[in-house]
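The residues making up each chain are set out below.
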Amino acid sequence: QIWPDGVSFEQSTGYQRLATEVLFLYHLAATDAGSVDATVSARLEGLLESHLILLQPDGQIPLLGDVSTERGYVLDEAAEFLDGRPLLGLGAALFDRPDFKAVARSFPEEAFWLLGPEGAARFAALPAEPPAWTSRALRDGGYYVFRGDWSPEASQLIVDCGWTGMGPNGPGGHGHNDTLSIVLSVRGRPVVVDPGTYIYFGSRRWRDAFRSRLS
């Protein structure tokens with residue numbers, strides 16, 4: 001259910017976050033049991049890397065595809081669902097990734113609950129190094145991302161050239177009919193946005209309208 005470039009096959013950033021959190025819990029349980037699967041570990045790191053690539057300069061997840069708010073865990077009720085930095089803070093400590101730390105900026109409360117003082121110490125010992133690249137192609141998932149730099153005031157363009165969801169002949173799943181749509185931030189501020197689902201439970205007519213891009 002994860003393309004080789006780390007994008008979830010649902011083509012939905014909200015569901016990708018859910019899948020990442022669930023895989024985190026599995027990975028931590030397997031680590032405690034002494035049965036870590038290297039393939040699962042690599043897939044989790046890939047999910048986090050594509051999450052980093054797609055993250056907007058303000059630290060929020062772009063609303064691509066269905067964006068329901070299901071979570072694998074909720075350990076900090078004050079955290080905003082669309083703030084994608086806590087996942088990177090957790091990933092930085094788990095995989096020793098200075099680039100994740102640079103974007104996350106701080107060790108989140110939920111990471112402390114999951115990794116404890118040892119995880120916080122690993123995070124603190126890591127240098128913070130922004131990614132060396134500013135543009136990346138997620139060819140399997142079909143996203144192309146361009147940014148000026150890694151500051152919160154950066155400009156960024158996301159172009160969606162991927163499947164509707166679940167592959168070229170898939171049923172669509174949680175993907176939307178949004179091929180060739182763009183998401184644009186200018187100097188850190190969103191200018192052209194994707195509204196995502198807008199409504200998940202409610203009027204079928206409005207849900208179909210937002211999924212069809214007729215809006």
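Residues numbered from 1 in each chain as written. Predicted model: local features only at pLDDT ≥ 70, side-chain atom pairs only at ≥ 80, totals over all residues. Heavy atoms only, no water.

Looking at this structure, how should I read helix α6 (residues 204-212)?
Residues three or four positions apart in an α-helix share a direction because the helix packs 3.6 residues into each turn. For α6, the complete set of buried residues consists of R207, A209 and F210. The arc that holds the buried residues of α6, viewed along the axis, is 160°, so those residues lie on one side. For α6, exposure combined with an orientation more than 90 degrees from the buried face picks out R204 and R205. Structurally, the start of α6 carries an N-cap: the backbone nitrogen of R205 is 3.3 Å from a side-chain oxygen of S203. (Buried < 20%, exposed > 50% of the residue type's maximum accessible area, 1.4 Å probe, protein only. Helix = DSSP H or I, 4+ residues; strand = E, 2+ residues; numbered from the N terminus. Arc of directions from axis to C-beta. Polar contact = N/O pair within 3.5 Å; in protein donor to acceptor, adjacent residues only side chain to side chain.)

How should I be thinking about the nonpolar core in this particular structure?
One broad rule of soluble globular proteins: the nonpolar side chains tend to lie buried together. Ranked by size, the top nonpolar core spans 35 residues in total, and within it F24, L48, L52 and L88 carry the most contacts. Looking at this core, the elements with two or more residues in it are α1 (13-33), α2 (38-54), α3 (85-95), α4 (98-104), α5 (109-125) and β2 (143-147). Broken down by element, the residue count for this core peaks at 7 residues, all from α2. (Core = buried A, V, L, I, M, F, W, Y, C linked by side-chain atoms within 4.5 Å.)

Is there a simple way to think about α5 in this case?
In this model, α5 (17 residues) spans only 17 Å end to end at C-alpha, well below the 24 Å of a helix rising 1.5 Å per residue. Along its length, α5 shows its largest kink, about 120°, at L115, and proline P117 lies within four residues downstream of that point. Looking only at α5, the buried set comprises E110, A111, L115, G116, G119 and F123. Residues of α5 that are buried make contact with α1, α3 and α4. (Expected span 1.5 Å × (residues − 1). Bend = angle between axes of the 7 residues up to and from the residue. Contact = heavy atoms within 4.5 Å.)

Explanation requested: the environment of F112 in the structure shown.
Within the secondary structure, F112 is located in helix α5. Classification of F112 by relative accessible area gives partly exposed; the value is 42%. In contact with F112, other than residues within four places in its own chain, are F107, P117 and A120.

I keep staring at the pairing of strand β1 (residues 135-138) and nothing clicks. Help me out?
Looking along a regular strand, one sees side chains alternate from face to face of the sheet. Sheet topology places β1 next to β2; 4 bridges connect them, and they run antiparallel. Bridging across to β2, S135 finds its partner in F146. From the end of β1 to the start of β2, which pair antiparallel, there are 4 residues, and G142 there has a positive phi angle of about 90°. (Pairing = 2+ DSSP bridges.)

Is there a simple way to explain the packing of α3 against α5 in this structure?
For any two helices packed against each other, one specifies the crossing angle of their axes together with the interaxial distance. Running from N to C, α3 and α5 point in directions that differ by 50°, and their axes come no closer than 9 Å. Relative to α5, α3 is oriented oblique. Relative to α5, α3 is oriented so that their crossing is left-handed. Only E110, A111, L114, L115, G119, R122 and F123 of α5 make contact with α3, whose side of the interface consists of P86, L87, G89, L90, A92, A93 and L94. When the residues that make up the contact of α3 with α5 are grouped by side-chain class, the tally is 10 nonpolar, 2 polar and 2 charged. (Axes fitted to C-alpha atoms, helices over the stretch in contact; angles between N-to-C directions. Parallel < 35°, antiparallel > 145°, perpendicular 65-115°, else oblique. Left-handed = near helix turned anticlockwise from the far one by under 90°. Nonpolar A, V, L, I, M, F, W, Y, C, P; charged D, E, K, R; others polar.)

Could you clarify how one ought to interpret a nonpolar patch on the surface in this entry?
The grouping of I182, V186, V191 and V192 at the surface amounts to a nonpolar patch, some 280 Å² of accessible area in total. For the nonpolar patch, the secondary-structure elements that each account for two or more residues are β4 (182-186) and β5 (189-192). With respect to the secondary-structure elements, I182 resides in strand β4. For I182, a relative accessible area of 35% gives the class partly exposed. (Patch = residues over 30% accessible without salt bridge, like charges linked within 9 Å, V, L, I, M, F, W, Y side chains within 5 Å. Areas by Shrake-Rupley, 256 points an atom, 1.4 Å probe, with all protein chains shown as cover. Salt bridge = Lys/Arg side-chain N within 4 Å of Asp/Glu carboxyl O.)

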